[in-house]
Structure formats: C-alpha cells, structure tokens
Amino acid sequence: MKAPTKLHPLCLAIVAGLGAPGLGTAAFAADNATSIELATQPVTSSADAETSSADQDTMTVYGRALSLYRANETSLATKTPTAIDDTPQSIQVLPQQLIEDQGARQITDLYRSVSGVSQYSYSGVTFRGFRQDEILYDGVRGDPFNGFAIPQLFNIERVEVLKGPSSAVMGSGEPGGVMNYVTKKPAYTTQRRVSVTAGNQEFVSGGVELSGPVNDDASQRYRVAIYQDHENPSRTNTDVRNRIIDLGYSWDMSEDSTVTAQFTDIIQHYGGARLRGIPTDDAGNFLADIDWNANEASDFQDLEAQVYQLRLDHSFNDWLSGDVTLRYYENSEDQKYHEPNGLEDTDGDGVADWSKRQFRDQVRDNKAGSVSANLVALLGDHTLLFGGDYYRIDEDYVYYRAKSVGGLSLTNPVYGADTSAYTLSLSKQTDSRSERYGAYAQDQWQISEQWNVLAGLRIDGFKDEVNDIKNSTEDHYTGSGMSYRLGSTYKINPQWHPYAVVATGFVPQDAADQASSNGGPFDPEESLMFETGVRSYWFDNALNVNLALYHITKENILQADPDDDTRSVAFGKVRSQGVEVDMLADVTDNWTANLSYAYNDTRVKEAYDGISGTVGTRFANAPHHQLGLWTRYDLTAIDSSVGFGADHVSEQYNQSGQIVKAYTVFDASWQTRWQDWLFQLNVKNLFDKKYAVSGFIDRTGHFPGEQRRVYLTASYDF
C-alpha cells in the first residue's frame, strides 16, 4: 500500500476490516471532517477483471483533493465505463462537491474550473478558441435550454467535459469539446433535503429534493424535486425567475435489467431581456454605466420546456450488455426586446453617447427527439462498442421587427417607451427540420497492463429542410461525413500516464443557417485535432497534475456578416493550438487546492467570401491565458470549511476587433455543519470589480460580469 501523508488510524482500521477494493470516493467525500480520503481505480475491462484478484492487496490511496474533486472514471469519451487514466483524450469532471462548494446555480458559475473554457454569450462558451453552445444530457442530445436561455444546475449531479472533437462516437460536434450534464437519478438510499437561499439583489430561492426506495429491496426508486428562485439583478429593468420540477422513477426489473424514466418541467423568465452588452470604445472602456440596459422594463425573454427521458440498461450475459436512451423535449422561447442598432456622437466630442435601437419580437417553438443505442462486448483484451443514434428537431420561427424606434442615451437614459405604438413588419418566418443520424464502432484494446489503444470510426448523415414562409421558398440539404479517432495511453509507472490521440470532427451547418436568405448554403464544418498529454501523481498521490497540448484546424466556420447581421459569412480556415494544465493538490491534510490554467492561440488562417484583412487575426473571444483557482480548508474541530477562488482571463477581442480587457475576480465561501443542517455563505466577485467577460460587436457592446453577489444558504437533511 502506498502510504499517504498522515493517514488517520481509523482509516487504516476500516481498510483492514473491509478489504477495501470496492470502496469509492463518494462515501468518504460526504464526511467533510475526515482527514484523508481513500479510493481505488475501478475495474474497467476484462483484462482488469482477470488481474483484480492479484491486485487486491495493492491499493491506491488518495488525499482529500482527489477524493472530493476528482472522478476516477467516466463514460463520456468512450460510451463505456472507462478509467480517466485509460482515456486518450483530455477530460474534466466537475463533481457535486465542487458545485456545492462554489455555490454554483447555473453553468456560467463553473467555467473557471474548466481549463480552456471561457464565457462567450448567454450559455455559449469559447472552448479551446471556438464558440460552442451544444450541451449533452446523460450522453445524448436534447438541450431544453437551447437558444438564449442559461442552463440551471438544480437537477444536475455532475458536469463532464470532453476536450477536443467527440464526433467519433457523439456525432457532429464542435472541435473545442463538449459538455455533458449527468442528471440526478432516483437513489437506492433515502435522501431528503430542504434548502433556502437569500442574497443581495433581492435574490431568494427554495428547493426540496426527495429520493429513495419505494419497496423493501429498493428495486423500485423515486425522485421528486422542485426548485424556485427570484432576483432583481443589477442591470436596469431586469428581473429573473426560474422554476424547475424534476421527477424520476427507476425499476430494476431483474438482476440484468434496469429502466429509468425522468420528467423535467422548466420555466425561465428574464425581464428586461434578451440582454445585450454595454457599449465600449475600441480600447474596451465602457461608454455607459455597467448597469445600463438597452431594454425597457416591459421587454422579456420567456422559456417554457418539458423534457421526457427513458433509459433501459440490460446485461445479456457476463460479456455482453447494452443500453437504449430515448429523450424528447418541447420548448417555447418568446422574446420581446430592444436591440442596439448603432452608436452616435450627439455632442461632437468624439465619444459615442447615444444608442439607436430596433424592437424585435421573436418566437421559437421547438420539438426535438433523440434515440441512442449501444452494444458493448467484453472479448478478452478487447472492449468492443457498436452503436447508433438519431436526432431530429423541428423549429417554428417567427420574427417581427420595428427597424427604427426611439434611441437611448448612454449617459442619461430615459425609459418608458410605448412599445404598443411601434409598427412591426415581418422580418423572417421559417419552419425547419434537422435530422442527424449515425452509426459507430469502437475498440478499446488492452495490449498489456500498461498499454491501451483506442480506435473508433463513425459514419454520419444529415437531412435538413427549411421552409421560408416569408419569401415563399423551400430548401433541402442532405449529406454525409466520416469521423475517426485513434489514441493510446501508456502507464510508464504509477506516477506517469502519457497519452496521444488524433481525431476528426464533422458538423453540418444549422438548418436555419443554410437558408438562401441567410447567405447559404454552406459546406459542413470539418476539423482535425492532434493532442498529446500526461497525467501524473506526486507525493504519495497528494498532487495530481494533468498536462495537455493540442493543435486543431477547423474549416467553413460561420460568423455574422459585418455588413448585415441577418446573414452569415464563412471564414475559410481557423487554427487553434495551446496547452492546458489542471492540478489537484493536498497542501496539508485539511487544505486542498484545484487549479486550472490554459494557454490558447486561435487565428484565422484562410478567409474568403469577400472578407479581407482577417488572415492572421485572433479569433473573437479567444483569450490567450485563463487561470481558475479554487481552494478549501477544513476546520475539522468545528465541522466547518472555508473556501477561496480566483478567475483570471487575459485580453480578448470582440467580433468588431475591439479590445475586451483582462480581468481577475475573487470569490469566497464558508460552510459549517450542525446536526442535520448545512449553512453556507458564498461571496462572488469579492471586491466588486467592474469588468466584461466577453464581447460581441461594437453596437451591442461587451457583456459585463456579475457585480458582487452574496448568498446565504441553509439546508436540512432528514
């Protein structure tokens, strides 16, 4: 056994008494007062199973940081339960403990903890230099927040992040990476929690989560949960309300079969939205107060969604298993808002002080469904995967616009416009259908105890239909593509686990983007990535360091036409390359640290379609440097902990070439347990820094970061 630093005698007694090969991190992580955590690498293949009995006397011991904040395995990259150390691609998993410690309510609260990811706009991110807004749920497509809503984390158990192209098994996807939300499922043991939160900006929320067995043998289980919040953020005229109802039922029909059904109902209201940014000059200085808003109090963005999911897992025998997942959602996103439409200098001092505005009335109604099926065979040293999936989304889109309405001063805004007096004209009306389907095969070959090879191939097809009702045109697009991934991991010794991978990506353009009225049709995006890295463990596993280096090229990228934002244009080729470093460390027995750093350089290499002067320029909202830190110190004598975080993003550029200034913000937290109560205080943007997280175009400005937020939460487990 590898001796950890100051292993608690009680832990040694537990290990000796239980034999410990089946113990995982979750049971220990729940006890915040434990001085050291223990975990074993999971058995993930037949080769491991054959040697597991010989390895029972050898156990890897991890400290608190690795047990609290690190996952040992995930199915995201391979669709089979695979140890992260055996996966030849960079992966990060943000577990429930990290989400709770940071007081994260929505996905934007977690970007600091993912190297290579920074906020772009709304729920969209910059991922290794590329814009990305696609999200998976339990490994399949069907994001009910698609569009301009922001995903909430109330019913999310953990967030998994796969860096680089995932097309070889997931189908079309951006080359920067993909995020997967693992939803909370019905639990085998009774779990009941009530929580309330209050904070500044009139924030208040409440949630109830009930889960556990229905019968004595726990073969049937349930989950019932509801969440509601309300706040009046600092931006003028804004108010926010979220409500989530989350239901689940699991049934172990036999020792070999389990079915899980889930339903989620979502309501999200953003008053004074859809929010744009704050206008700036070319040097990134705000031209208006950071609370300025182009929207009136009567403007809003409303989302209503219902999600249904059904999954069946079945083991045919000891070497063959399979699963089928069905996911369906309907959502409606209704937006009425004022759009900044150009800046003016009304007093002739050379500084813009007035924003022209349009009024936009948009409704998007979506119906989307997906089915995914996998078959996994354990054949000696080979883990074979065969699968296929199908996804279809139907969207009805209606867009009315009043091109010129009353403007708004940047320095002394006067609100109260009568939107009922606006003359609206139909700008767009489309019905579209997008279909994506594919089949894939993968082999995970355990050549030896140290050496693994992964090879995967996928064939994709797509079919799009766009009915432009306004212009009385109908367009159809079909096509196909192939993606592959070839990678390998090798364990030199317990400390050094290098890997390398080459992978391709294939992404058909969105159906709405293909319309001739948008400048289409456009060729699909194609990408190629080379990545190498190493996972290493130091000081008796008190320190885990993951290093990744990558080079990605992507072709046929769409961007808004600088001369007409209702149309798109294609940049020919963009290259992204960089390095990422992720560290988990036990500074002392009670002091843990989680640090993520990324350097990225993304530049336009080729350009066409009438765009000049872009070759060699940096891509929009792609910072060179990002640094995220979260550290926690456990005060075991009083069953409490304190936390501190930092988030640094270096200088960026928006799509108009304006500078987005570098920023660094700090957070802090405090937790304490008393009997069955957990009390937690979170302070975000501790020093109330005024900054922009990203930019869009000059007339809409930069997106401001949140001002100081203070939350106090009380949770009761019963």
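Structure report, in brief.

Basis of the calculations
Residues numbered from 1 in each chain as written. Predicted model: local features only at pLDDT ≥ 70, side-chain atom pairs only at ≥ 80, totals over all residues. Heavy atoms only, no water. Helix = DSSP H or I, 4+ residues; strand = E, 2+ residues; numbered from the N terminus. Contact = heavy atoms within 4.5 Å. Pairing = 2+ DSSP bridges. Axes fitted to C-alpha atoms, helices over the stretch in contact; angles between N-to-C directions. Phe/Tyr/Trp six-rings, centres within 6.5 Å; stacked < 30°, edge-to-face > 60°. Buried < 20%, exposed > 50% of the residue type's maximum accessible area, 1.4 Å probe, protein only. Lys NZ or Arg CZ within 6 Å of the ring centre and 35° of its normal. Salt bridge = Lys/Arg side-chain N within 4 Å of Asp/Glu carboxyl O.

### Topic: the overall build of the chain
Looking only at helices and strands, the chain features 7 helices and 35 strands. Here the analysis covers contacts within the chain between residues at least 6 apart in sequence; of these, 67% occur between residues at least 24 apart.

### Let's talk about the sheet that holds strand β3 (residues 91-94)
Taken in spatial order, the 4 strands line up as β3-β8-β9-β7 in an open sheet, and their pairing is mixed. Every interior strand has two partners, whereas the edge strands, β3 and β7 (135-137), have only one. On average, each strand axis in the sheet is tilted by 20° relative to the strand beside it, whichever way the strands run. Relative to strand β9 (residues 177-183), strand β8 (residues 156-163) is paired through 7 bridges, and the arrangement is antiparallel.

### Here's the deal with the packing of aromatic side chains
Going through the model one piece at a time under the given rule, you end up with 17 aromatic pairs. Judged by centre distance (5.1 Å) and plane angle (90°), the ring pair of W496 and W538 falls under edge-to-face. Highlighted residues: W496 in strand β22 (residues 496-507) and W538 in strand β23 (residues 525-538), separated in sequence by 42 residues. Residue classification places W496 among the partly exposed residues on the basis of a relative accessible area of 35%. We classify W538 as partly exposed; its relative accessible area is 32%. Relative to Y716, the ring of W677 lies with its centre 4.9 Å away and its plane at 40°, an arrangement referred to as tilted. Of the two residues, W677 sits in strand β32 (residues 677-684) while Y716 sits in strand β35 (residues 709-717), which places them 39 residues apart along the sequence. Here the aromatic residues W677, F679, Y716 and F718 are joined through ring pairs into a cluster of three or more. Lying across the ring of Y550, R128 places its NZ or CZ 4.0 Å from the centre.

### Details of the sheet that holds strand β5 (residues 124-127)
Read across the sheet, 3 strands follow the order β4-β5-β6 without closing on themselves; strand pairing throughout is antiparallel. Strands with a single pairing partner mark the edges of an open sheet, and in this sheet they are β4 (117-121) and β6 (130-132). Averaged over all adjacent pairs, the angle separating strand axes in this sheet is 35°, with direction ignored.

### Considerations on unusual backbone geometry
Looking along the chain, the bond that leaves A273 and enters R274 is cis, with omega of 20°. Although it is not a glycine, A218 sits at a positive phi angle of roughly 60°. With respect to the secondary-structure elements, A218 resides in the loop between β11 (203-213) and β12 (220-231). Accessibility expressed as a relative area gives 10% for A218, which makes it buried. A positive phi angle, near 75°, is found at N237, a position not held by glycine. Relative to the helices and strands, N237 resides in the loop between β12 and β13 (239-252).

### Focus: the pairing of β12
Here β12 shows a buried face lined by R221, R223, A225, Y227, D229 and E231 and an unburied face lined by Q220, Y222, V224, I226, Q228 and H230. Here 10 bridges tie β11 to β12, and the two strands are oriented antiparallel to one another. Looking at the pairing, L210 lines up with V224 of β12. Here β11 folds back onto β12 in antiparallel fashion, the turn holding 6 residues, of which A218 has a positive phi close to 60°. Where β12 lies against β13, 12 bridges are found, and the strand directions are antiparallel. Paired with Y227 across the two strands is I244, which belongs to β13.

### Here we look at the pattern of salt bridges
All told, the structure shown has 41 salt bridges when counted by the stated rule. In this structure, the salt-bridge partner of D101 is R632, at a minimum N-O distance of 2.8 Å. With D101 in helix α5 (residues 96-101) and R632 in strand β27 (residues 625-635), the pair connects residues that are 531 residues apart, well separated along the chain. In this structure, E531 engages R128 in a salt bridge whose closest nitrogen and oxygen atoms are separated by 3.0 Å. With E531 in strand β23 and R128 in the loop between β5 and β6, the pair connects residues that are 403 residues apart, well separated along the chain. The class for R128 is buried, based on a relative accessible area of 0%.

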